[in-house]
Amino acid sequence: MFPTQLRAFHAVAVEGSFTRAAARLGVTQPTLSAQVKTIEEHCGAALFDRLGRRIVLTDLGRRLLDVTQRMADAEAAAAELIGDARTLRTGRLRVAADSPYHVAPLLAEFHRRYPGVQAVLGIGNAETVHEDLMHFAADVAILADVPDDPRLHAVPCGRHRVVIVVPRGHPWAGRGAIRPAELAGRPMVLREAGSVTRRLFEARLAAAGVAPRIVMEIESREAVREAVAAGIGLGVVSEAEFGADARLAMVAVDDPELVTREFVVCRIDRRRVAVVRAFLELVPGAAAGARVTGGGDADESSHPPEDAAPGAAPRRRARRL
């Protein structure tokens, strides 16, 4: 059915804009609009809701996108088969992550191997990243909390201690580690309730019989650091997210289970797409190089996703490469 019109719809759905889709396909915007309208008239239903200058896929549009994405993947697979994409000399990789800290080393290695492939990185919360992945706005994602979804393929790529952030002049700043019980009654600045790091931290304190005294809830890691520097309370972050800040110091907690795990995730029906497969191939090396000081075995490659942070919901077994 109407291959030209379906390509037009797919471009608009992926780009989220008639203007960008027209530029991508090398046609005028009126031509593109007419091609999409042909499909809508044929099926008697709208594919997009127009909200001012924004467009949003309808339920029918989302279902059609699932089909056209498979068509696009099939065309890409055919092109690879005849040699057009096998060398990855050109192309684009869209990555979504809930934090830039864990994905940066993987992107650096990917760029080193495939300098002609453009990488596009989007940062959002876990829910946004999952939506981007499922709606084809991202090719791969890096997440600490993999949804229990049989359509996903997840590979472990690292593990990091959760640490306490204190002002540089705090009495704990020179200590190697504190006991969980020492956090009782201390003012804490924590991320939002949906944060994987916060859920893990609260679960481990509960296991130790300690209830944190939360004085502020903040939605970004950067704001947590600023609040700690201002003396509002003690912060909690993944060690990899601590960064370099002369005002602050990090202190470990004497709990080997206080460790977050990161996963590279893609749709299972897209894991053989050349650019996705190339990114996944980086992961075993990254996992083998992951290190957790005082937190158990550093080789994450043997841990499936259901071995996730204590206190998190159980998850299915990862489909391994």
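The coordinates are above.
A brief structural summary.

The rules behind these values
- Residues numbered from 1 in each chain as written.
- Predicted model: local features only at pLDDT ≥ 70, side-chain atom pairs only at ≥ 80, totals over all residues.
- Heavy atoms only, no water.
- Helix = DSSP H or I, 4+ residues; strand = E, 2+ residues; numbered from the N terminus.
- Buried < 20%, exposed > 50% of the residue type's maximum accessible area, 1.4 Å probe, protein only.
- Contact = heavy atoms within 4.5 Å.
- Areas by Shrake-Rupley, 256 points an atom, 1.4 Å probe, with all protein chains shown as cover.
- Phe/Tyr/Trp six-rings, centres within 6.5 Å; stacked < 30°, edge-to-face > 60°.
- Expected span 1.5 Å × (residues − 1).
- Polar contact = N/O pair within 3.5 Å; in protein donor to acceptor, adjacent residues only side chain to side chain.
- 1 Å grid on protein atoms, 1.4 Å probe; cavity = no way out; pocket = protein on both sides within 12 Å on 5 of 7 lines; lining within 4 Å.
- Points joined across faces, edges and corners; volume = space filled by probe spheres on them.
- Nonpolar A, V, L, I, M, F, W, Y, C, P; charged D, E, K, R; others polar.
- Core = buried A, V, L, I, M, F, W, Y, C linked by side-chain atoms within 4.5 Å.
- Arc of directions from axis to C-beta.
- Salt bridge = Lys/Arg side-chain N within 4 Å of Asp/Glu carboxyl O.
- Lys, Arg positive; Asp, Glu negative; His and termini not counted.

This paragraph deals with the overall build of the protein. Looking only at helices and strands, the protein features ten helices and twelve strands. Looking at the protein residue by residue over its 321 residues, the buried ones come to 46%. Here the contacts in the protein between residues at least 6 apart in sequence split such that 73% fall between residues at least 24 apart. Put simply, the protein shows about 15,200 Å² of open surface, and 53% of that area lies on carbon and sulfur atoms.

Take the packing of aromatic side chains next. Going through the model one piece at a time under the given rule, you end up with four aromatic pairs. For the pair Phe-110 and Tyr-114, a centre-to-centre distance of 5.0 Å together with 50° between the ring planes defines the contact as tilted. Here Phe-110 and Tyr-114 have matching classes, each one buried. Joined through ring pairs, the aromatic side chains of Phe-9, Phe-18 and Phe-48 make up one cluster.

A few words on helix H7 (residues 196-207). Because an α-helix completes one turn every 3.6 residues, residues spaced three or four positions apart along the sequence face the same direction. Compared with the 16 Å implied by 1.5 Å per residue over twelve residues, the 17 Å span of H7 between its first and last C-alpha is a close match. Taken together, the buried positions of H7 are Val-196, Thr-197, Arg-198, Leu-200, Phe-201 and Leu-205. As for H7, its buried residues are in contact with strand S6 (152-167), strand S8 (187-191), strand S9 (213-218), strand S10 (234-238) and strand S12 (259-267). For H7, the N-terminal cap is Ser-195; the gap from its side-chain oxygen to the backbone nitrogen of Thr-197 is 3.3 Å. In the segment just after H7, Gly-209 is the residue with positive phi, at about 75°.

Next up on the list: empty space enclosed by the protein. Applying the stated criterion across every chain, the model contains one cavity of 30 Å³ or more. The computed volume of the largest cavity comes to approximately 30 Å³. As for the largest cavity, its lining consists of Pro-180, Leu-183, Phe-201, Arg-204, Leu-205, Val-253, Asp-255 and Leu-258. Per-element tally for the lining of the largest cavity: the top contributor is H7, with three residues. Taken together, the residues of the lining of the largest cavity sort by class into six nonpolar, no polar and two charged.

There is about 930 Å³ of room inside the largest pocket. Every residue lining the largest pocket is counted, 34 residues in all, and those nearest its centre are Arg-24, Ala-72, Asp-73, Ala-76 and Arg-270. Residue assignment for the lining of the largest pocket shows that the elements contributing at least two residues are helix H1 (3-15), helix H2 (18-25), helix H4 (59-81), strand S3 (91-97) and helix H9 (274-280).

Core analysis: the biggest nonpolar cluster contains 25 residues, and Leu-93, Phe-110, Val-264, Val-275 and Phe-279 have the highest contact counts within it. Only S3, helix H5 (100-113), strand S5 (140-143), S6, S12 and H9 provide two or more residues apiece to this core. Considering each element in turn, this core owes the most residues, six residues, to H9. The residues contacting Phe-110, other than those within four sequence positions of it, are Leu-93, Val-117, Val-275, Ala-278, Phe-279 and Leu-282. With 20 residues, the next largest nonpolar core counts Val-12, Val-14, Leu-32 and Ile-39 among its residues.

Among the residues making up helix H6 (residues 126-134), those that are buried are Val-129, His-130, Leu-133 and Met-134. What you see down the axis of H6 is that its buried residues fit within an arc of 130°, all on one side. Residues of H6 that are buried sit in contact with S3, S5, S6 and S12.

Scanning all chains against the criterion turns up 25 salt bridges. A salt bridge links Arg-63 to Asp-59, with the nearest nitrogen and oxygen atoms 3.3 Å apart. Here the residue Arg-63 and the residue Asp-59 both occupy positions in helix H4, the gap between them amounting to four residues, near one helical turn. Judged by relative accessible area, which is 51%, Arg-63 ranks as exposed. Using a relative accessible area of 43% as the deciding quantity, one classes Asp-59 as partly exposed. We note a salt bridge from Glu-226 to Arg-247, for which the minimum N-O separation is 2.7 Å.

Our focus in this paragraph is the environment of Leu-121. Locating Leu-121 in the fold gives a position in strand S4 (residues 117-123). In this structure, the C-alpha to C-alpha distance between Leu-121 and Ala-104, residues 17 residues apart in sequence, is 9.5 Å. Sequence-distant contacts of Leu-121, defined by excluding residues within four places in its chain, comprise Val-95, Ala-97, Val-103 and Leu-107.

Further remarks concern the side chain of Glu-262. Along the chain, the position of Glu-262 falls in strand S12. At 6.7 Å, Arg-221 is the nearest oppositely charged side chain to Glu-262, a buried residue that forms no salt bridge. Reaching out from Glu-262, the side chain makes a polar contact with the side chain of His-102 at a distance of 3.3 Å. Contacts of Glu-262, omitting those with residues within four sequence positions, involve Asp-98, His-102, Ile-142, Leu-143, Ala-144, Val-155, Pro-156, Cys-157, Gly-158 and His-160.

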